Amino acid sequence: MKSAVETLDATKVKLTVEVPYEELKPSIDHAYAHLAGQVSVPGFRKGKVPPRIIDQRVGRAAVLEHAINDGMASFYSAAVRENKLRPLGQPEIEVTQVPDIADTTSELHFVAQVEVRPEIEIPELDTLTVVVDDLEVSDEDVATRLEALRERFGTLVGVDRPAGEGDFVVLDLVATAAGEQVDNVSGVSYQIGSGNMLEGLDEALLGLSAGETTTFSAPLAGGELEGQQADITVTATTVKQRDLPAADDDFAQLASEFDTLAELEADLREQAAQGKASGQAIQARDLLVEQLLAAAAIPAPAGVVEAEVVRHLESEGRSEDTEHRAEVVVQATTALQNQILLDTLAEKLEVKVSQNELLEYLVSASRQYGMDPNTFIKTVDEQGQVPAMVAEVARSKAIAVALRKVTVTDAAGNAVDLSEFIGSDADDQAAESIFAAAQAAGIAEADSDIVFDDEVTEVAADDETTDKA
């Protein structure tokens, strides 16, 4: 098989492929065997109809079409590997020459246009400096953690006064639109200021006493009429405030294993320091990616972005929402640029994913989905998603390895040691340490539903990784 590549632009190539008859022959034989099992010809058992009879009954054109469709994926994949391309989307394939079954010197010719991962230049990592916030725990940080602990042990007490910020209100809601009731709830407890119900509810409840009613206008937050403006009637049945226990030695003994408040505060200070250290790791990661993106100026393949935007909008039933489309275009473009950067970085650093690292990632992901690890791994394998998981681990590991090579300092210019979170070149076990640190600190990145296909060839993995997973 011969193939040649023509670069159309920074993210698109045209692949011209010539397949000799002998390489297409197995697909032709398979086509005859398949069709022989489908046609019924008097005098021949099913599956035993000879090729010349199939040519008469079905036609050579149908045989060739079947053979070409059957072999196209392997021919295309072989040409991609031969030319070391990294496709990011599905190809547009056009057959330009169909062989003659009777002529063993004839060939199959086709061209494939496909968007590929662009070649980008990543600066030498040892020339980069990342500046993160100082690791300084203030008395306010300790007080905030102590306050949160006291709130966990607080009690709600009814009060005979207008509701204020932070109070809890037991309320009834009735929503009407165009003069008709569209929803109602009763006995719901809501904390003023939380902002997790209806737009404008906080303002409506402020100053409302038990037994009082008010009306305001707001877009509905769910259901078939989500987003439609409605008149909301809210009645406060009870107003409660949270009474906190006194911060003293008795509370320390109630809320922890410590005997005194001083010991509890010392432990909270240590927790705050650990949280800020984790935050430094996350900040360093984000700043490094930001620097690399700015330096690389990565073009995003327009077709891949558009395909993801369409998929995303259709899944939400918002294909005609032009304002939301603009938001999704930005999200998809950013996600794709990040993926291109991290895949390139993984190659530059020659990152490899071990079986244990992959399994650790899969087990962690299964917890996020609330699934049994074995069931989750089996599902991932059956859906052919193992290569995508390998790629994801490689990306996170690439960032960890890259952070070992750049200079990380705080605002005062002091060197920052992130080895607790990113490992070291000696142990090389940091595939997910940054993300684990983020989760431990409660500041992990939100999951994104912007997902692009991964090519198996893009990430170097240990030979037995996918089989054993």
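Conventions and cut-offs
- Residues numbered from 1 in each chain as written.
- Predicted model: local features only at pLDDT ≥ 70, side-chain atom pairs only at ≥ 80, totals over all residues.
- Heavy atoms only, no water.
- Helix = DSSP H or I, 4+ residues; strand = E, 2+ residues; numbered from the N terminus.
- Rg over C-alpha atoms; globule rule 2.2 N^0.38 Å.
- Buried < 20%, exposed > 50% of the residue type's maximum accessible area, 1.4 Å probe, protein only.
- Contact = heavy atoms within 4.5 Å.
- Areas by Shrake-Rupley, 256 points an atom, 1.4 Å probe, with all protein chains shown as cover.
- Domains from an automatic or database assignment.
- Patch = residues over 30% accessible without salt bridge, like charges linked within 9 Å, V, L, I, M, F, W, Y side chains within 5 Å.
- Salt bridge = Lys/Arg side-chain N within 4 Å of Asp/Glu carboxyl O.
- Lys, Arg positive; Asp, Glu negative; His and termini not counted.
- Charge placed at Lys NZ, Arg CZ, Asp CG, Glu CD.
- Expected span 1.5 Å × (residues − 1).
- UniProt positions renumbered as here; feature names shortened; annotations may be inferred.
- Polar contact = N/O pair within 3.5 Å; in protein donor to acceptor, adjacent residues only side chain to side chain.
- Pairing = 2+ DSSP bridges.
- Phe/Tyr/Trp six-rings, centres within 6.5 Å; stacked < 30°, edge-to-face > 60°.

**With respect to the overall build of the protein chain**
Part 1 of the argument: In terms of helices and strands, the protein chain carries 15 helices and 13 strands.
Part 2 of the argument: Relative to the globule expectation of 23 Å for 469 residues, the C-alpha radius of gyration of the protein chain, 31 Å, shows a markedly less compact shape.
Part 3 of the argument: For the protein chain, the C-alpha atoms occupy an extent of roughly 95 × 65 × 40 Å along the three principal directions.
Part 4 of the argument: Taken across its 469 residues, the protein chain has 39% of its residues classed as buried.
Part 5 of the argument: Partitioning the contacts of the protein chain with sequence separation of at least 6, the portion at a separation of at least 24 is 68%.
Part 6 of the argument: Summing over all exposed atoms, the protein chain offers an accessible surface of approximately 25,400 Å²; the carbon and sulfur share of this is 46%.

**Let's talk about the domain arrangement of the protein chain**
Part 1 of the argument: According to the domain assignment, the protein chain consists of domain 1 (2-115), domain 2 (155-243) and domain 3 (271-441).
Part 2 of the argument: A C-alpha centroid distance of 65 Å is found between domain 1 and domain 2.

**Looking at a negative patch on the surface**
Part 1 of the argument: Taken together, the side chains of Asp 249, Asp 250, Asp 259 and Glu 263 make up a negatively charged region of the molecular surface.
Part 2 of the argument: Look at Asp 259 and you get exposed, because its relative accessible area is 51%.

**Some details on the environment of Glu 94**
Part 1 of the argument: Within the fold, Glu 94 resides in strand E3 (residues 92-97).
Part 2 of the argument: Considered as a pair, Glu 94 and Thr 213 are 119 residues apart in the sequence and their alpha carbons are 68 Å apart.
Part 3 of the argument: Look past the residues within four positions of Glu 94 in its chain and what remains in contact with it is Phe 110 and Val 111.

**What to know about helix H1 (residues 21-36)**
Part 1 of the argument: Here H1 spans 21 Å end to end across 16 residues, near enough to the 22 Å set by a 1.5 Å rise per residue.
Part 2 of the argument: If you check which residues of H1 are buried, you get Tyr 21, Leu 24, Ser 27, Ile 28, Ala 31, Tyr 32, Leu 35 and Ala 36.
Part 3 of the argument: As for H1, its buried residues are in contact with strand E2 (12-20), helix H2 (51-57), helix H3 (60-82) and strand E4 (107-115).

**A look at the UniProt feature "domain: PPIase FKBP-type" (unreviewed entry) in the protein chain**
Part 1 of the argument: Within the UniProt annotation, "domain: PPIase FKBP-type" (unreviewed entry) is assigned to residues 166-219.
Part 2 of the argument: Along residues 166-219 one finds 9% helix and 54% strand; the C-alpha atoms at either end are 23 Å apart.

**Quick word on helix H9 (residues 322-348)**
Part 1 of the argument: An ideal rise of 1.5 Å per residue puts 39 Å on 27 residues; H9 measures up with 39 Å between its terminal C-alpha atoms.
Part 2 of the argument: Among the residues of H9, those classed as buried are His 324, Val 328, Ala 332, Leu 336, Gln 339, Ile 340, Leu 341, Leu 342, Asp 343, Thr 344, Leu 345 and Ala 346.
Part 3 of the argument: At its buried positions, H9 is contacted by helix H7 (261-296), helix H8 (302-316) and helix H12 (386-405).
Part 4 of the argument: For H9, the side-chain oxygen to backbone nitrogen distance between the N-cap and Glu 323 is 3.3 Å, and the N-cap itself is Asp 321.

**Some remarks on the pairing of strand E8 (residues 180-191)**
Part 1 of the argument: As paired elements, strand E7 (residues 168-177) and E8 share 9 bridges and run antiparallel to each other. Within E8, the residue paired with Val 169 across the bridge is Tyr 190.
Part 2 of the argument: Hairpin remark: E7 followed by E8, antiparallel, with 2 residues in the connecting loop; positive phi at Ala 178, about 55 degrees.

**Focus on the pattern of salt bridges**
Part 1 of the argument: Enumeration according to the criterion identifies 19 salt bridges in this entry.
Part 2 of the argument: The residue Lys 25 makes a salt bridge to Asp 29 at a minimum N-O spacing of 2.8 Å. Of the two residues, Lys 25 and Asp 29 are both situated in helix H1; the distance of 4 residues between them amounts to about one turn of the helix.
Part 3 of the argument: Through salt bridges with shared partners, one network takes in Arg 86, Arg 117, Glu 119 and Glu 347.

**Topic: the packing of aromatic side chains**
Part 1 of the argument: Going through the model one piece at a time under the given rule, you end up with 2 aromatic pairs.
Part 2 of the argument: When the centroid spacing of 5.9 Å and the interplanar angle of 85 degrees are considered together, the rings of Phe 153 and Phe 251 count as edge-to-face. On the criterion of sequence distance, the pair formed by Phe 153 in the loop between helix H4 (139-152) and strand E6 (155-158) and Phe 251 in helix H6 (residues 249-255) is long-range, its members being 98 residues apart.
Part 3 of the argument: When the ring of Tyr 369 is compared with that of Phe 376, the centres are 5.7 Å apart and the planes differ by 25 degrees; the resulting orientation is stacked.
Part 4 of the argument: According to the relative accessible area criterion, Tyr 369 is exposed, its value standing at 61%.
Part 5 of the argument: Taking relative accessible area as the criterion, Phe 376 reaches 6% and is therefore assigned buried.

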